[in-house]
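# Examination of the molecular architecture
Listed here are the chains, written in short residue letters.
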Amino acid sequence: MAFYTEEKERSHRFVLALRMGLPIFLLSAVSLFTLFSQLHTTLSSLIILSLILLAMAIYFIFFLINQSSYERITDSVTYTFTPEYFFKLYNRWSKTQTCTLVLITIDNLALINERYGMKNGDFILKEAVIQINDFFALKEIKKLPICKYKGGSFILLLLGEKENYSSLLELFCAKYRENSIHEIEIAFSVVSLDNKFFKDQEEVLTRLYELQYFQKDKKIEDDYDDKVIPSELEYSVLRALEYRRYSVATQIICCELASIVEVTFKLMDENGNYLHQSRFVPFLNRIGKFREYEEHLLEIVVKMAAQGEVIHVITLSAATLRNSLFFQRALEFLQRYPEAQNKIILVLDEKEYSPNIKRFKEQIAQYRAVGYKIGLDRFGGNHITLMYLKEFQVDFVRFDLLYSRHIKEEKYQNIIQGLNITAHLCGAITWIGMIEDAESDKIAKHLKINYRQGNYHGKITNINENIKEVLK
């Protein structure tokens with residue numbers, strides 16, 4: 001069965017051939033009419049004209065062959081639309097009706113190319129397109145515009161709002177969750193977005209990849225509302241950042257000699273509604289203000305820590321910590337509030353290993369030298385944390401929440417015990433979150449984990465009223 005994209009490629013080439021061949025036909029017709037309309041037509045003039053027409057025809061044929069390579073509308077590997085043609089189609093459709101874009105990505109394509117070779121990687125791409133086309137064809141979507149955008153990403157164009165396809169995409173995910181092609185495991189991820197509020201092509205693409213990122217990171221909540229006009233959201237984010245509208249909450253971390261609390265923040269609009277991280281974090285990154293946002297947060301925490309003996313914990317991005325401008329601001333905060341020295345733990349969680357680990361190691365040492373403590377998050381769940389633990393000196397490590405959820409299981413306890421010993425031998429203090437009952441707390445103490453955190457020891461407490469004095 002031919003794909004819709006292949007049918008469009010053939011029709012496009014046919015139209016191109018007509019467009020290029022019609023001038024030759026008209027020129028031949030005019031020339032022959034002129035020749036035979038003369039009173040005296042010789043055989044030599046007929047032969048000369050025929051040769052001229054033949055030369056022109058050959059020239060136009062080669063020109064057509066060459067031009068067709070530039071006007072190809074499908075990818076040479078997967079036979080899906082090229083991005084240029086696909087988005088011309090999208091822009092034409094979106095002017096008159098609501099469209100939904102679906103981003104389907106082979107998440108492990110890089111691993112497939114590395115392990116099985118580029119040739120097998122291309123084969124997987126072709127077979128993936130067949131699976132996608134066959135699935136939607138069975139659901140009576142016969143003419144499916146599909147584009148290979150980049151890497152292992154395919155974008156589908158569907159008519160109508162995304163709610164019309166939510167159950168269909170859930171079925172696709174369920175069917176291909178445990179998928180393999182020729183004994184090669186394939187991991188699909190799927191996100192969708194309609195153009196009710198996102199009209200611009202670049203804006204739609206950016207938002208699709210943001211949704212994919214937060215879906216993989218499991219940061220999209222069940223009650224997440226995607227019906228927010230981008231311009232209004234961006235205005236709210238910038239105003240919230242300008243006026244420092246933060247909801248601040250703390251949670252006690254128990255139970256060794258030092259008192260520790262974790263500080264968490266949420267951004268609020270002018271009506272007091274929370275702005276979801278999956279929306280404002282990518283936006284702040286795009287406009288280069290995410291460092292400024294985290295500087296605000298650190299300043300608040302430094303002021304809070306300077307007012308007592310309690311150690312405060314704040315989670316920041318590793319990219320921000322590596323920023324030299326941020327380090328200068330962090331140093332200024334401690335110089336302004338020296339009482340906060342050694343009472344702030346900067347926790348980082350990173351998904352990719354730093355490309356310049358030597359420089360990062362020096363920066364971590366600088367933070368510790370001026371009076372900050374360093375913590376690593378998702379210990380045991382993120383292999384980058386374990387790699388960083390062996391690279392530079394840290395003060396705290398927090399176990400991945402996976403171990404908190406399964407702490408009552410013997411196998412998990414054995415792994416926790418081994419990881420805990422490893423961290424202690426590396427000079428780090430350990431702590432575990434999401435301790436919800438006495439039994440879990442007892443097990444954590446038995447495993448010699450230094451600190452425990454969760455609703456059993458204290459729920460998250462909003463301190464917005466008290467923080468107003470701190471922000472002055």
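Conventions used here
Position numbers for residues count from 1 along each chain, tracking the sequence in the order it is written. This being a predicted model, a pLDDT of at least 70 is required before a residue's local features are given, and a value of 80 or more before pairs of side-chain atoms are given or counted; all residues contribute to the totals for chains, interfaces and linings. Think of the side-chain values as coming from all heavy atoms in the structure, minus any hydrogens and water. To qualify as a helix, a DSSP run of H or I must reach at least 4 residues; to qualify as a strand, a run of E must reach at least 2; elements of each kind are numbered from the N terminus. Think of it in three bands: with a 1.4 Å probe and only protein chains considered, a residue is buried below 20% of the maximum accessible area for its type, exposed above 50%, and partly exposed in between. Only the protein chains shown count as covering a residue, and every accessible area follows the Shrake-Rupley method with a 1.4 Å probe. What pLDDT reports is the predictor's confidence in each residue, on a scale of 0 through 100. Should any heavy atoms of two residues lie within 4.5 Å, those residues are considered in contact. A pair of strands counts as paired when DSSP detects no fewer than two bridges linking them. Axis definition: a line fitted to C-alpha atoms, limited for helices to the stretch in contact. Angles are taken between N-to-C directions and run from 0 to 180 degrees. Angular relationships are summarised with four words: roughly parallel below 35 degrees, roughly antiparallel beyond 145, roughly perpendicular across 65 to 115, and oblique for the angles in between. By the definition used in this description, the sense in which the near helix is turned from the far one sets the handedness, with an anticlockwise turn below a right angle giving left-handed and a clockwise turn giving right-handed. Side-chain classes follow a simple rule in which Ala, Val, Leu, Ile, Met, Phe, Trp, Tyr, Cys and Pro form the nonpolar group, Asp, Glu, Lys and Arg form the charged group, and the remainder, Gly included, forms the polar group. The disulfide criterion used throughout: a pair of cysteine sulfur atoms within 2.5 Å. As used in this record, nonpolar core signifies buried Ala, Val, Leu, Ile, Met, Phe, Trp, Tyr and Cys residues forming a set joined through side-chain atoms within 4.5 Å. For Phe, Tyr and Trp, where Trp contributes only its six-membered ring, two rings pair if their centres lie within 6.5 Å, and the inter-plane angle classes them as stacked under 30 degrees, edge-to-face over 60, or tilted in between. Only residues whose relative accessible area exceeds 30% and that take part in no salt bridge are eligible for patches, with like-charged residues grouped when within 9 Å of each other and nonpolar side chains (Val, Leu, Ile, Met, Phe, Trp, Tyr) grouped when within 5 Å. Every case where a carboxyl oxygen of Asp or Glu lies within 4 Å of a side-chain nitrogen of Lys or Arg is listed as a salt bridge. When the strands point away from the viewer, a crossover counts as right-handed if the path from the first strand over the helix to the second runs clockwise.

This part takes up the overall build of the chain. A tally of regular secondary structure across the chain gives 18 helices and 16 strands. Looking at the 472 residues of the chain, the share that counts as buried comes to 46%. Total accessible area on the chain is roughly 25,200 Å²; 55% of this is exposed by carbon and sulfur atoms.

The next thing to look at is the environment of Leu193. Note on placement: Leu193 falls in strand S6 (residues 188-194). Between the C-alpha atom of Leu193 and that of Leu103, which follows or precedes it by 90 residues, the distance is 8.6 Å.

Let us now look at the confidence of the model for the chain. For any part of a model where pLDDT is low, the fine detail of the predicted coordinates should not be relied upon. Looking at the chain as a whole, the pLDDT averages 85, with 82% of positions reaching at least 70. Here residues 219-225 is a poorly scored stretch, pLDDT under 50, and it has 14 contacts once near neighbours within four places are set aside; other chains count.

Here the focus is the side chain of Asn382. As for its placement among the helices and strands, Asn382 is situated in the loop between strand S12 (373-379) and helix H14 (383-391). Ignoring anything within four residues of it in the chain, the contact list for Asn382 reads Asp349, Glu350 and Lys351.

What follows concerns the sheet that holds strand S2 (residues 146-150). Sheet architecture is open: 4 strands sit in the order S2-S3-S1-S6, paired in antiparallel fashion. Each edge of the sheet is formed by a strand with only one pairing partner; in this case those strands are S2 and S6. Strand-to-strand twist across the sheet, computed as the mean angle between neighbouring axes with direction ignored, equals 25°. Relative to S6, helix H6 (residues 166-175) is tilted by about 170°, and along the sheet it contacts strand S1 (99-106) and S6.

This part covers the packing of helix H10 (residues 290-305) against helix H12 (residues 324-336). It is the contact of H10 with H12, at a shortest axis distance of 10 Å, that shows an interaxial angle of 20°. It follows from the interaxial angle that H10 and H12 lie roughly parallel. In the crossing of H10 with H12, the sense of the turn from one axis to the other is right-handed. For the pair formed by H10 and H12, the contact residues are Arg291, Glu294, Glu295, Leu298, Glu299 and Val302 on the first element and Leu325, Phe326, Arg329, Ala330, Phe333 and Arg336 on the second. When its residues are assigned to classes, the contact of H10 with H12 shows 6 nonpolar, no polar and 6 charged.

Turning our attention to the state of the cysteines. Counted by the stated rule, this structure contains 1 disulfide. Covalently, Cys254 is tied to Cys255 through a disulfide, its sulfur atoms 0.9 Å apart. Between Cys254 and Cys255 the sulfur-sulfur dihedral comes to about 95°; the bridge is accordingly right-handed.

In this section: unusual backbone geometry. The peptide bond linking Cys254 to Cys255 adopts the cis configuration, its omega dihedral lying at 20°. With respect to the helices and strands, the residue Cys255 is situated in the loop between strand S7 (246-254) and strand S8 (260-268). Its identity as a non-glycine residue notwithstanding, Glu183 has a phi of 65°, on the positive side. Structurally, the position occupied by Glu183 is in the loop between strand S4 (179-181) and strand S5 (184-186). In this model, Arg244 sits at a positive phi of 55°, which is unusual for a non-glycine residue. Position of Arg244 among the secondary structure elements: in the loop between helix H8 (230-242) and S7. Relative accessible area serves as the criterion here: at 28%, Arg244 is assigned to the partly exposed category.

Among the nonpolar cores identified, the biggest contains 66 residues, and Phe265, Tyr293, Leu298, Ile344, Leu346 and Tyr372 are the most heavily contacted of them. For this core, the element with the most residues is H10, which contributes 9 residues. Those residues in contact with Tyr372, other than ones at most four positions away along the chain, are Leu298, Val302, Ala330, Phe333, Leu334, Ile344, Leu346, Tyr367 and Asp395.

All right, on to the packing of aromatic side chains then. Inspection of every chain in the model, using the stated rule, returns 27 aromatic pairs. The interplanar angle of 80° and the centroid separation of 6.2 Å between the aromatic rings of Phe87 and Tyr90 together place this pair among those described as edge-to-face. Residue Phe87 and its partner Tyr90 are located together in helix H3 (residues 83-94), separated by 3 residues, close to a single helical turn. A relative accessible area of 3% means that Phe87 is categorised as buried. With a relative accessible area of 1%, Tyr90 lands in the buried category.

A cluster of nonpolar residues, Ile47, Leu51, Leu54 and Ile58, forms a patch on the protein surface that exposes about 370 Å² of accessible area. Of note, Leu54 is situated in helix H2 (residues 43-70). Classification of Leu54 as partly exposed rests on a relative accessible area of 48%.

Now for the pairing of strand S14 (residues 429-432). The side chains of a regular strand alternate, first on one face of the sheet and then on the other. As defined by bridge partners, strand S13 (residues 396-399) adjoins S14 across 3 bridges and the pair is classed as parallel. Within the sheet, the bridge partner assigned to Phe396 lies in S14 and is Ile429. On the question of chirality, the crossover connecting S14 to the parallel strand S15 (residues 451-453) by way of helix H17 (residues 438-446) is right-handed.

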